[in-house]
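If you want the building blocks of each chain, they are given just below.
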Amino acid sequence: MSPTKPYQPFLLRLLHGVNGLLAIAAWVTGYLVYDSWDGRWGRLGLTTDNRALIDIHGTFAFGLFFVFIGFVIYSLKAGRSRLVRADSWQHLTRVGKPVWWYALHRLANTAALCALGLSVISGKFQSEEWLPQGEFNHLWYFVHLVAWCILLAAIALHVLLGVKVGGVPLLLSMWETRYRPEESPALWKDKILVWLRKS
Ligand code: HEM
Ligand code: HEM
């Protein structure tokens, strides 16, 4: 491996990858639910009143909830250096300088995390009965719909700034499947035991 090629910790790739794929699945199926039952802001008209879509969305979203919690814990503990920090706001005043792009990138990582948090939390307040019963005006349903729009913008920003700061090699490094021997899942049990003993 070339020394300049970015490398991401295996646990980060695993959590980020599963979280990202489930988030995208929830986002797509969420749109299909909206398209089938609601369509207040426009619709493609792919299906009408399809009950199965709500269950499919609920299944992806249910799995996402648990992975998301793991990913948030990882990001706040081990991945803190890639999220906003106190001096990011100061760096944001130095428009156009490299430090400005790095601060923006951290902000975009944090925004993606927060936007998904809003989608997942508002999702927990949904009832699978609302749409079939014609109830389209619950506050939490509205928040859930807006979170869908915010997540789209946040992921676009996250990926675009990733390309700007680290180029395509950075993006690919996040989806690389090989890992270093010392990161092998076979060692996780021992590492967790050592960590538990220490804390
Ligand atoms: C940003 C993408 C979205 C994410 C991450 C997301 C996430 C979630 C989560 C975590 C739940 C709770 C699932 C559970 O614990 O049982 C949920 C439920 C639900 N969501 Fe979404 N959602 C998204 C978009 C949408 C959209 C656009 C709609 C369209 C109307 C929608 C409709 C629903 C409904 C009806 C439920 C209740 C389903 C059930 O309880 O089985 N979601 N969503
Ligand atoms: C819902 C989807 C996503 C969320 C919530 C999300 C969130 C995050 C977060 C919070 C980090 C920082 C991790 C840490 O603190 O250690 C991160 C890093 C990263 N993400 Fe995502 N991400 C998503 C999707 C994607 C997608 C689709 C791509 C690429 C196509 C991507 C590419 C990257 C890259 C390259 C990094 C490393 C950035 C760095 O070195 O600072 N992410 N992501």
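Residues numbered from 1 in each chain as written. Chains lettered and ligands numbered in written order. Predicted model: local features only at pLDDT ≥ 70, side-chain atom pairs only at ≥ 80, totals over all residues. Heavy atoms only, no water.

Trainee: Lay out the coordination of the iron atom of ligand 2 in plain terms, naming residues and giving numbers.
Mentor: The protein atoms that coordinate the iron atom of ligand 2 are His16 (NE2) and His158 (NE2), at distances of 2.0 Å. Seen from the iron atom of ligand 2, its six donor atoms lie at angles of 88 to 180 degrees, and the figure they make is octahedral. Here His16 is found in helix H1 (residues 10-37), whereas its partner His158 is found in helix H5 (residues 139-174), with 142 residues between them in sequence. Residue classification places His158 among the partly exposed residues on the basis of a relative accessible area of 21%. (Donors = N, O, S within 2.8 Å, 3.2 Å for Na, K, Ca; no water. Tetrahedral: all angles 85-135°; square planar, octahedral: opposite > 155°, others 65-115°. Helix = DSSP H or I, 4+ residues; strand = E, 2+ residues; numbered from the N terminus. Buried < 20%, exposed > 50% of the residue type's maximum accessible area, 1.4 Å probe, protein only.)

Trainee: Report on the packing of helix H4 (residues 98-124) against H5, specifying residues and quantitative values.
Mentor: At their nearest, the axes of H4 and H5 sit 8 Å apart, and the two run at 150 degrees to each other. Accordingly, the angle class assigned to the pair H4 and H5 is roughly antiparallel. Judged by the sense of rotation from one axis to the other, the crossing of H4 with H5 is left-handed. In the contact of H4 with H5, the residues fall into 19 nonpolar, eight polar and one charged. (Axes fitted to C-alpha atoms, helices over the stretch in contact; angles between N-to-C directions. Parallel < 35°, antiparallel > 145°, perpendicular 65-115°, else oblique. Left-handed = near helix turned anticlockwise from the far one by under 90°. Nonpolar A, V, L, I, M, F, W, Y, C, P; charged D, E, K, R; others polar.)

Trainee: Describe the site of ligand 2, with residues and values.
Mentor: Neighbouring residues of ligand 2: 21 residues in total, closest His16, Gly79, Arg82, His105 and His158. For ligand 2, an oxygen atom lies 2.7 Å from a polar atom in the backbone of Gly79. In the model, an oxygen atom of ligand 2 is placed 3.4 Å from a nitrogen or oxygen of the Asn109 side chain. Elements represented by at least two residues in the shell around ligand 2 include exactly H1, helix H2 (51-77), H4 and H5. For the shell around ligand 2, the leading source of residues is H5, giving six residues. Looking at the shell around ligand 2 residue by residue, the classes come out as 13 nonpolar, seven polar and one charged. (Near = heavy atom within 4 Å. Polar contact = N/O pair within 3.5 Å; in protein donor to acceptor, adjacent residues only side chain to side chain.)

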